[in-house]
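Report on the structure
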Amino acid sequence: MNIMTEQSLENAVGDKMNAKSNEVIKMRGDKVGVFYGEKQALFDVNLDVRQNQVTALIGPSGCGKSTFLRCLNRMNDTIDSARVTGKITLDEDDIYDKNIDVVELRARVGMVFQKPNPFPKSIYENVAYGPRIHGLAKRKSDMDQIVESSLKKAAIWNEVKDRLQEPGTGLSGGQQQRLCIARAIAVSPEVILMDEPCSALDPIATARVEELIDELRQNYTIVIVTHSMQQAARVSQRTAMFHLGYLVEEGATDKMFTNPDDKRTQDYITGRFG
Amino acid sequence: MSSLLVLAIIIAIGVVAFVIGRQRAAAQDTGKVKPHSRAHYHGWWAFLLAVLPAVLLLAVWDIGSSFYLDRHIHAALPERTADSKVASEALDASLVKSLAKGLRRLDAGTPLPATFAELQPLLIAKGVALASDTQDYMIPIAVDANTVQDRLGLFGAVVTFALSIAGAFYALRQIAPRARARNNVERLMLWGLLAASTIAILTTVGIVLSMLFQTITFFESVSPMSFFFGTVWDPRFAAAGSGGSQGQFGLIPLLAGTLYIAAVALLVAVPVGLMSAVYMSEYASRSVRSVVKPALELLAGIPTIVYGIFAVVTLGPFLRDLSAALTGGSPFIQGQSIFTAGLVMGVMLIPVVSSLSDDIITAVPRAMRDGSLGLGATRSETIKRVILPAALPGIVGAILLTASRAIGETMIVVLAAGVAANLTANPFEAMTTITVKIVNQLTGDLEFNSPQTLVAFALGLTLFALTLVMNIVALYIVRKYREQYE
Ligand SMILES: Nc1ncnc2c1ncn2[C@@H]1O[C@H](COP(=O)(O)OP(=O)(O)O)[C@@H](O)[C@H]1O
Ligand SMILES: [Mg+2]
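Residues numbered from 1 in each chain as written. Chains lettered and ligands numbered in written order. Predicted model: local features only at pLDDT ≥ 70, side-chain atom pairs only at ≥ 80, totals over all residues. Heavy atoms only, no water.

Regarding the side chain of serine 355 of chain B
You can see serine 355 of chain B is positioned in helix α11 (residues 338-362). When residues no more than four places from it in sequence are discounted, the contact partners of serine 355 of chain B are Lys293 and Glu297 of chain B. (Helix = DSSP H or I, 4+ residues; strand = E, 2+ residues; numbered from the N terminus. Contact = heavy atoms within 4.5 Å.)

Quick notes on the side chain of threonine 253 of chain A
All names here are of chain A. Along the polypeptide, threonine 253 turns up in helix α10 (residues 253-258). Residue threonine 253 is classed as buried on the basis of its relative accessible area, which comes to 3%. Side chain to side chain, threonine 253 and threonine 239 meet in a polar contact 3.0 Å long. (Buried < 20%, exposed > 50% of the residue type's maximum accessible area, 1.4 Å probe, protein only. Polar contact = N/O pair within 3.5 Å; in protein donor to acceptor, adjacent residues only side chain to side chain.)

Here we look at the UniProt feature "domain: ABC transporter" (unreviewed entry) in chain A
As annotated in UniProt, the feature "domain: ABC transporter" (unreviewed entry) corresponds to residues 27-269 of chain A in the numbering used here. Along residues 27-269 of chain A the backbone is 38% helical and 27% strand, and the end-to-end C-alpha distance reaches 26 Å. (UniProt positions renumbered as here; feature names shortened; annotations may be inferred.)

A word on the site of ligand 1
Residues and elements named next belong to chain A. For ligand 1, the full set of nearby residues is Tyr36, Lys39, Ala41, Ser61, Gly62, Cys63, Gly64, Lys65, Ser66, Thr67, Arg70 and Ile79. Here lysine 39 contributes a side-chain N or O atom positioned 3.2 Å from an oxygen atom of ligand 1. Calculation on ligand 1 without its partners gives an accessible area of 560 Å², and the protein chains cover 65% of this total. Looking at the shell around ligand 1, the elements with two or more residues in it are β2 (39-50) and α2 (65-72). Of all the elements, α2 adds the most residues to the shell around ligand 1, at four residues. Looking at the shell around ligand 1, its residues break down into four nonpolar, five polar and three charged. (Near = heavy atom within 4 Å. Areas by Shrake-Rupley, 256 points an atom, 1.4 Å probe, with all protein chains shown as cover. Nonpolar A, V, L, I, M, F, W, Y, C, P; charged D, E, K, R; others polar.)

Topic: α2 of chain A
Residue and element names in this part refer to chain A. Within α2, six of the eight residues are buried, which leaves the element mostly enclosed by the surrounding structure. The complete set of buried residues in α2 reads Lys65, Thr67, Phe68, Leu69, Cys71 and Leu72. Just past α2, the residue arginine 74 takes up positive phi, approximately 60°.

Concerning the confidence of the model for chain A
Parts of the prediction with low pLDDT should not have their coordinates interpreted in detail. All names here are of chain A. Scored by pLDDT, chain A has a mean of 87; 91% of the residues are at 70 or more. Predicted confidence is poor over residues 1-6, with pLDDT under 50, and the contacts of this stretch with residues over four places away or in other chains come to three contacts. With pLDDT under 50 throughout, residues 9-20 is counted as low confidence; its partners more than four residues away or in other chains account for four contacts. (pLDDT = per-residue confidence, 0-100.)

Here's the deal with the nonpolar core
Counting 54 residues, the largest nonpolar core has Phe218, Phe227, Met345, Leu349 and Leu459 of chain B as its most contacted members. Those elements that place two or more of their residues in this core are α6 (181-221), α8 (252-283), α10 (304-327), α11, α13 (379-408), α14 (411-416), α15 (434-442) and α16 (451-485) of chain B. No other element matches α16 of chain B, which puts 10 residues into this core. Membership of the second largest hydrophobic core comes to 45 residues, among which are Leu151, Trp157, Ile185 and Ile192 of chain A. (Core = buried A, V, L, I, M, F, W, Y, C linked by side-chain atoms within 4.5 Å.)

Here we look at the pairing of strand β8 (residues 221-225) of chain A
Residues and elements named next belong to chain A. The element β8 is extensively covered by neighbouring structure, given that five of its five residues are classed as buried. Both faces of β8 are covered, namely the face carrying Thr221, Val223 and Val225 and the face carrying Ile222 and Ile224. Strand direction decides the pairing type here: strand β3 (residues 54-58) and β8, joined by four bridges, are parallel. Residue pairing for β8: alanine 56 is matched across the bridge by isoleucine 224. Note: strand β7 (residues 191-195) against β8, five bridges, orientation parallel. Of the residues in β8, the one forming a bridge with methionine 194 is isoleucine 224. (Pairing = 2+ DSSP bridges.)

Considering the packing of helix α3 (residues 89-103) of chain B against helix α4 (residues 116-125) of chain B
A pair of packed helices is captured by two measures, namely the crossing angle of their axes and the spacing between those axes. All names here are of chain B. Here α3 crosses α4 at 50°, and the two axes come no closer than 11 Å. In terms of orientation, α3 and α4 fall into the oblique class. The interaxial crossing formed by α3 with α4 has left-handed handedness. Counting all contacts with α3, which are made through Leu99, Gly102 and Leu103, the residues of α4 involved are Phe116, Leu119 and Leu123. Looking at the contact of α3 with α4 residue by residue, the class counts come to five nonpolar, one polar and no charged. (Axes fitted to C-alpha atoms, helices over the stretch in contact; angles between N-to-C directions. Parallel < 35°, antiparallel > 145°, perpendicular 65-115°, else oblique. Left-handed = near helix turned anticlockwise from the far one by under 90°.)

Structural notes on the UniProt feature "transmembrane region" (unreviewed entry) in chain B
Residue and element names in this part refer to chain B. If you check UniProt for "transmembrane region" (unreviewed entry), the listed places come out as residues 43-61, 152-172, 193-219, 251-274, 295-318, 338-365, 386-407 and 454-478 in our numbering. Helix makes up 100% of residues 43-61 and strand 0%, with an end-to-end C-alpha separation of 27 Å. Within the segment residues 338-365, helix and strand shares are 89% and 0% respectively, and the terminal C-alpha atoms sit 41 Å apart.

Details of the packing of aromatic side chains
Residue and element names in this part refer to chain B. Within this structure, the stated rule accounts for 15 aromatic pairs over all chains. On the basis of an interplanar angle of 70° and a centroid distance of 5.0 Å, the ring pair of phenylalanine 227 and phenylalanine 228 is categorised as edge-to-face. Classification of phenylalanine 227 as buried rests on a relative accessible area of 0%. Judged by its relative accessible area of 35%, phenylalanine 228 falls in the partly exposed class. Among the aromatic side chains, those forming a connected cluster through ring pairs are Phe218, Phe219, Phe227, Phe228, Trp233 and Phe249. (Phe/Tyr/Trp six-rings, centres within 6.5 Å; stacked < 30°, edge-to-face > 60°.)

Section: the layout of surface pockets
If you add up the space inside the largest pocket, you get close to 810 Å³. Considering the residues around the largest pocket, the lining is formed by 27 residues, among which Thr78 and Asp80 of chain A together with Glu282, Arg366 and Arg379 of chain B are closest to the centre. Residue assignment for the lining of the largest pocket shows that the elements contributing at least two residues are α3 (102-108) of chain A together with α8, α9 (286-301), α12 (366-374) and α13 of chain B. By residue class, the composition of the lining of the largest pocket is 10 nonpolar, seven polar and 10 charged. Space inside the second largest pocket adds up to approximately 560 Å³. Along its surface, the second largest pocket is lined by 24 residues, and Ser65, Ser66, Leu69, Arg104 and Gln149 of chain B are the ones closest to its centre. Of all elements in the fold, only α1 (3-28), α2 (39-76), α3 and α5 (138-174) of chain B reach the threshold of two or more residues within the lining of the second largest pocket. Here the lining of the second largest pocket is built from residues that sort into 10 nonpolar, eight polar and six charged. (1 Å grid on protein atoms, 1.4 Å probe; cavity = no way out; pocket = protein on both sides within 12 Å on 5 of 7 lines; lining within 4 Å. Points joined across faces, edges and corners; volume = space filled by probe spheres on them.)

Below is the structure:
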């Protein structure tokens, strides 16, 4: 506990000294553990997520990447058997604190899922869904504004601007995923979590989404789970390697891919397992 | 030879054909040519060819020979004269047939007496009781009928066996590595399935047609105008044959009662059922669900008459007394009322609504919930804005299905709302429904061709049309919704 406060103090000081720095800690996991019923799926994970950077989570399947990601906006709460231990902070506030309202938390920490999951509503309504729930637009014109800017930020505006009233489920897989990203952006989150957002997409759609992720970094903090090493290398600044529920190693992406400290990371990156 | 025995032998031939066919096909598979069909398909094809044509022939033969026998007996009967002892020729023939059936029960060697008076004790000793107006001249006719029947049966059996064996041989000779037994079997399967679904359709058509003819007869004596638009239901059971007063057959009070009670029932069942479905699928923990769901389904298993008894014995009097206590004297809720019937029927329908909607809501993919929750929506917002809209076509279907149950329900109404065909808007008075009146008109000692009875068919057809329209509306709503969202 003591160490914790000292660290946050240091960070706070760091923030002041170097306001434009890339090294502001947006979210921090401290000894995070997750149990599904009796079975522990995640052990003692200490991981920082830096502001305006893309943090990639890599590792073989079943190692707990999605589990950790879901902790960051408490989506694990929706799984009956799941129990989270340790501490996770967002801007130094404990997100598992009793005073934190999950609804507010999830508005600040948005999520994009592995399989594109647009609602069976029109494209417009899909994007307007979040703002409507959180009462972000007073008038119709405000809502139009939010929808348009979200779709633009998600780089899909030109493709859908003439068909906003058509169902979102009628789009192609890549377009659907960008629509889901627009939907997440529409509530102006600070952090966007993405769980293998390209795994259901073809290479061209993947390239579009990767480009988009790189652009979004200007305004948002992004955590992305990916099983593609190339993708992690292309889009992320920091990479965290998981194995069997443990965080093996975390560091700058360049270093992780050229000169990892841990043998397991090296094996995974060179494709020896996973 | 009895048809059942013949059938068993045909199937035995089929089984033998199956075994031989499979073995032959397996023996032919030497590995040089890739067989087209696996061995057991050849076996099945041989079985089907041995059994199906033979069974069809047997059925046709049985029907044909019973017609033939009928004509044979009629021809043998003596000419009808004024002093014939039996009332009609048809009765005459049927007496002969019963006698022939009775004679078969006698032991083989028994010498036949010439008169029925002597024959009767012998038959009674074998447990065969015959009508006493069986005449002596019928005995030789019956004996003759039996021999003809035996001959026909034997001949039919021989022909059938021949066909069966021929079919088996034909199929067995066809067996070759590249023979397409699998396709043949598949095609027959298709025909079998088609026949099964045709039965359902034909039955429906048959039911509708039979009701239609009776309804047309009914409309010959009562005008459709006064039936469909009449506001008084008073069929007035005239004594058979008196032909006097006919009464009035106004549908409106019954239709109004049916719809009124169904509406009250749905008003109870739909909100409660839907909410309990939402609770069970979205909120309840697994342990609660494992108790509540079977309990609700148990409610669905209670026979409706039990609900009716509950309504008439407990709830009806309770509501009447309660209303009396409230006004301090005269009760404004009658012992039998629309309200009571609707309430009880609604309770009966809760498990129907909740169980159907629960399945539908659970079928909405988890990704939809996650997507909404991940945007910071609460659970109830997610249910209201994502899950229920996505499940809506199914839920509309469930509600309409429930509505047809409510419209078709009889026992609860008889007991809880009564049989008085009133036309009222007051839910606390008695009213009755179409189904109750159908039962009412058909029970009792009435001539079957009087309008008082025939009206039941007109009512039945109206009910059928009502549910049909509801199903069409349901389909339309579901389609329209689908187009919009998929
Ligand atoms: N809802 C769940 N219930 C029980 N166990 C789960 C659940 N989700 C994940 N797990 C288990 O937790 C471990 C980590 O899963 P996950 O985080 O999905 O891995 P990854 O995303 O890295 O492939 C796995 O062993 C998995 O079986
Ligand atoms: Mg995963």
